[in-house]
Amino acid sequence: LAAASGSANDAGAAASSYALAAFAAARAAATRGATVPGEVTANIDKLANGLAAYSSHGGALPLVALALGDYDTATSSTDASVAITAFVGAKRLPGPLGPASASAAPTLKVTTAAPPPPPLALAWAALPPSPPPFLVLSSGHGEVSFALAVDFVPFDLFEEPVSRGLRVERVIRRHDAGLDGPVGPPLASVPLGAIVTVTVQLSSVDVLHNLLVDAWLPAGLEAVDPNADGGLGASRSSRGGGGVVPLYAAWGSGCWWWRCTAFSRETRPDRVTFSASWVSAGTHSVSFEAVAVTRGSFVLPPVKASCSLEPEILGLSASGRLAVVDPAAAAAPLPPPPPACDPACSERGRCHAGRCVCEPGFRGAACESAALPPPELDPDDVVAGGAVALRANASATFLLPVRAPFALALPTDFELLADGRVEVVSDEEEQRRLLVA
């Protein structure tokens, strides 16, 4: 629940509790024939879930408990009893959700009185190839929550940030001991033994709760622990990243009323982790120092930021490579980024390495044109298996989508031209060309 119209800040647990209680009363009245506004029906479940996961109830905890009780009463969840069965296509999921037999009765039963069942972890390889949709069937009464999460290891590095409600960017720059901060351009290589500053910038248009940032390090760098070096590795952050902020400086500094954005840090061998229970809307940055300890070329993993109780809010920085070179060599800056796509891919795609990757149904350098319609084939040209057979006396030009698998059965007399086109000579020596894109 927003604090005001258009505000990025939430109204707090107390105001949200009053709203949930009012929504629950309206929902209960609907069962007696009353008219309920559409915004109540659309948002009451969302508000209840958000309030149940709220990180700082404070003195409003009794109000939260009463409002959630009203919600349970309105949804007949005070004595919920729900049986759940989960399928991937026609295959039933094993484990706590029951045996693999699709004909077996549901075995996972969730009730108000019993503790929640253990989570089911399933390897992707255990699913059918090209997994069909995930299906959850339920029976019984009341309301229960069901969550599905996917942990994955990318096949390749992300060349650009991945933003799902949260944008993350990371730069590595040379550390200046006199200024106690980073100087110079972002680096692609650093000398062995050099100290660098890793800066992570986080941007969000909404207030975030329980934010966790994992700044993974390449194998050639080792983070400096501020608890062991006398202060060199101390983290710094902008917009309220620690310490007490005076009231007169609160506005615009990451504080809202009595709450400030403060990051806690944990230094690990392979990464530095930052966490904050409350993060104001806007842009924040955290930084730490690291030492180049191993010579070589290393993968630069992405920095991951996510909300613990809202896994759909996620941000990954761009990946890359970092080289640790001989101590006598100079640090090399990163090459300039590729030019941005202009215009912004016509709002029909995304910019990748300076080129537009169009959404399905569009094409062109800026995704400005609709995709070509599928080719119209003469039925006589289509043979078994979907292959296209070009008859000797037929003429056709096909523009096929890149993703469309196809095969060509060509006459005996044909010639492959330098530009990739196929020139077919018929019995009457008429030239026919087949253009495949």
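Residues numbered from 1 in each chain as written. Predicted model: local features only at pLDDT ≥ 70, side-chain atom pairs only at ≥ 80, totals over all residues. Heavy atoms only, no water.

### Brief notes about helix α3 (residues 61-74)
Phase 1: For α3, spanning 14 residues, the distance from its first C-alpha to its last is 20 Å, which sits close to the expected 20 Å at 1.5 Å a residue.
Phase 2: Those residues of α3 that are buried lie in contact with α1 (13-30) and α2 (38-52).
Phase 3: At the exit of α3 stands S76, carrying a positive phi of roughly 55°. (Helix = DSSP H or I, 4+ residues; strand = E, 2+ residues; numbered from the N terminus. Expected span 1.5 Å × (residues − 1). Contact = heavy atoms within 4.5 Å.)

### With respect to the nonpolar core
Phase 1: Core analysis: the largest hydrophobic core is formed by 33 residues, its most contacted members being V200, L202, L211, V213, L221, F263 and F288.
Phase 2: Ignoring sequence-local partners within four residues, the contact set of L221 consists of I172, V190, V196, A290, V291, A292, V293 and L322.
Phase 3: Within the second largest apolar cluster, eleven residues are counted, among which are A13, A19, I44 and L51. (Core = buried A, V, L, I, M, F, W, Y, C linked by side-chain atoms within 4.5 Å. Buried < 20%, exposed > 50% of the residue type's maximum accessible area, 1.4 Å probe, protein only.)

### Digging into the packing of α2 against α3
Phase 1: Where α2 contacts α3, the axes come no closer than 11 Å and their chain directions differ by 145°. For the element pair α2 and α3, the recorded crossing hand is left-handed. Mapping the contact onto sequence places I44, D45, A48, L51 and A52 in α2 and V64, A67, L68 and Y71 in α3.
Phase 2: The class makeup of the residues in the contact of α2 with α3 is eight nonpolar, no polar and one charged. (Axes fitted to C-alpha atoms, helices over the stretch in contact; angles between N-to-C directions. Left-handed = near helix turned anticlockwise from the far one by under 90°. Nonpolar A, V, L, I, M, F, W, Y, C, P; charged D, E, K, R; others polar.)

### Considering unusual backbone geometry
Phase 1: Although it is not a glycine, N210 sits at a positive phi angle of roughly 55°.
Phase 2: Tracing the backbone through its elements, the reader meets N210 in strand β10 (residues 208-216).
Phase 3: Phi at C367 takes a positive value of approximately 55°, unusual for a residue other than glycine.
Phase 4: Inspection of the secondary structure puts C367 in the loop between β25 (362-363) and β26 (369-370).
Phase 5: Here C367 falls in the buried class, since its relative accessible area comes to 0%.

### Remarks on the state of the cysteines
Phase 1: Applying the stated criterion across every chain yields a total of two disulfides.
Phase 2: The side chain of C345 participates in a disulfide bridge whose partner is C356; the two sulfur atoms lie 2.2 Å from each other. Handedness here is read from the sign of the S-S torsion; for C345 and C356, about -95°, the answer is left-handed. On the criterion of sequence distance, the pair formed by C345 in the loop between β22 (332-333) and β23 (349-352) and C356 in strand β24 (residues 355-358) is long-range, its members being eleven residues apart.
Phase 3: When its relative accessible area of 1% is taken as the criterion, C345 is described as buried.
Phase 4: Judged by its relative accessible area of 16%, C356 is buried.
Phase 5: Across the disulfide from C358 sits C367; the S-S distance is 2.2 Å. (Disulfide = S-S within 2.5 Å.)

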